[in-house]
Amino acid sequence: MSIITIERKILEKNDAVAEFNRNNFKEKNIFAINLLSSPGSGKTSILEKIIESLKNKVNLGVIEGDIQTKIDAERIEKYGIPVAQIITNGACHLDAILIRDAFSQLNNKQINLLFIENVGNLVCPATFDLGENIKIVIVSTTEGDDKPLKYPMAFRKADAMIINKVDLIPYLNSSIEILKNNALKINPNLKIFETSCTKNIGIDKLCEWLLDYINSR
Amino acid sequence: MHELSIAQEIINISAQYLPPYKNISVKAVKLKIGKMSNVFVDSLNFCFELLSENTPLKNAALKIQIVPVVVKCNDCLMENEITDDLIYCPNCNSFNVEIKCGNELDIEELEIEESQEEAK
């Protein structure tokens, strides 16, 4: 028996392409945001609200990741925003290679703020660097206030957290305060926003922060 | 099930190290996996077994060294292992810590056996 030494990172190929994406975005003056959440927490709805608010202020672009259907890309297309849809056919997360290929469809568009809507899943997407500038995790009140403790990696790696569907709190047994505390235990640096897309709560504050964040770079 | 992608990468990387002109069977693949790397080892074993079928890694065992999470506190300067999901200094409870290890997802080495027979 003999030994072959390797000593390499298992995800080095993903990391190398993520670095390529990062440089590519930087060169084109694009700020990229990776949106993570469970299915149904409101990623696309929040994106629609951000688009309504920011489309005249900054050049937006979207990469949609889904296991099946172009439903999300069609929703975004209605706003006249450049969008590319990735259909993973079962894969539970996006990786840097998928982003590189999807972005080639948007290459000739003028984009300064790119949203990457990951596959709805709080586990697997947290492991893969896509080359984004920041990660934002969305958690809706209906999911319960224990989610940051149950899926710590997504919250640990995020720069900001959006608590969506805050208008439903009167009907639920979950608490925004407990949710916030749990998230801050996992990641004390997390910037937190509260939103409701149906009642138009908190969207202005979120968009203001996004603009400030991008401009202060 | 991101373990499926990870298992595929283990096979891809290993294949680059196997001399193509010899009859080689891989007995084991040594991995280093950090406790915080979000990998479920049972699931990784299952995916690896499925994907390695019809490759030189068929029947290879994954020998996995689990790396504990160790943080260095920027306030009290102590280095400590942590055992729950909260990343803080167990000595002074500060959250101002630097993660020293626990995020590993590395392929270390292959244990191989060469058959006497030349490959056809």
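Look up a bit, the structure's there.
Since the model is a prediction, treat every value here as computed from it, not as a measurement.

Parameters and conventions
Residues numbered from 1 in each chain as written. Chains lettered and ligands numbered in written order. Predicted model: local features only at pLDDT ≥ 70, side-chain atom pairs only at ≥ 80, totals over all residues. Pairing = 2+ DSSP bridges. Helix = DSSP H or I, 4+ residues; strand = E, 2+ residues; numbered from the N terminus. Axes fitted to C-alpha atoms, helices over the stretch in contact; angles between N-to-C directions. Contact = placed C-beta atoms within 7 Å. Buried ≥ 20, exposed ≤ 12 C-beta atoms within 10 Å, placed from the backbone. Core = buried A, V, L, I, M, F, W, Y, C linked by C-beta atoms within 7 Å. Nonpolar A, V, L, I, M, F, W, Y, C, P; charged D, E, K, R; others polar.

Student: Which residues make up the sheet that holds strand S5 (residues 97-101) of chain B, and what values go with them?
Tutor: Residues and elements named next belong to chain B. Strand order in the open sheet formed by 3 strands is S4-S3-S5, with antiparallel pairing between adjacent strands. Here the strands that pair on one side only, and so sit at the sheet edges, are strand S4 (79-82) and S5. Put simply, the sheet's adjacent strands are angled 35° from each other on average, direction ignored. Both strand S3 (residues 69-73) and S5 contribute to a ladder of 4 bridges, which runs antiparallel. Looking at S5, one finds that Cys73 is bridged to Val97.

Student: Kindly report on the environment of A:Ile203, identifying the contributing residues and their values.
Tutor: All names here are of chain A. As for its placement among the helices and strands, Ile203 is situated in helix H8 (residues 203-215). In this structure the C-alpha to C-alpha distance between Ile203 and Leu47, which are 156 residues apart in sequence, comes to 10 Å. Contact partners of Ile203, with chain neighbours within four places excluded, come to Lys49, Ser53 and Thr195.

Student: Could you give an account of the environment of A:Phe20, naming the residues involved and the relevant values?
Tutor: Residues and elements named next belong to chain A. Examined against the element boundaries, Phe20 turns out to sit in helix H1 (residues 12-27). A residue is classified by how many C-beta atoms lie within 10 Å of it, and Phe20, with 15 of them, is partly exposed. Along the backbone, Phe20 and Ile97 are 77 residues apart, and their C-alpha atoms lie at a distance of 9.7 Å.

Student: Lay out the sheet that holds strand S4 (residues 83-87) of chain A in plain terms, naming residues and giving numbers.
Tutor: Residues and elements named next belong to chain A. One open sheet accounts for 7 strands, arranged S4-S3-S5-S2-S6-S7-S8; its pairing is parallel. Of all the strands in the sheet, the pair left with one neighbour each is S4 and strand S8 (191-194). The sheet shows a mean angle of 20° between the axes of neighbouring strands, direction not considered.

Student: Any details on the nonpolar core? Residues and values, ideally.
Tutor: Nonpolar side chains tend to gather and get buried jointly when the protein is soluble and globular. If you look at the biggest cluster of nonpolar residues, it comprises 56 residues, and the most contacted ones within it are A:Leu114, A:Ile116, A:Val137, A:Ala154, A:Met161 and A:Ile162. Among the elements that take part in this core, strand S2 (residues 31-37) of chain A stands out by supplying 5 residues, more than any other. Core analysis: the next-biggest nonpolar cluster, separate from the first, contains 20 residues, B:Ala7, B:Val26, B:Phe48 and B:Ala60 among them.

Student: Go over the interface of chain A and chain B, please, and point to the residues and values.
Tutor: Listed per partner, the contact involves 26 residues of chain A and 23 residues of chain B. Considering every element that reaches the side of chain A that touches chain B, the biggest residue donor is strand S1 (residues 2-9) of chain A, with 8 residues. Residues belonging to the side of chain A that touches chain B are distributed by class as follows: 15 nonpolar, 4 polar and 7 charged.

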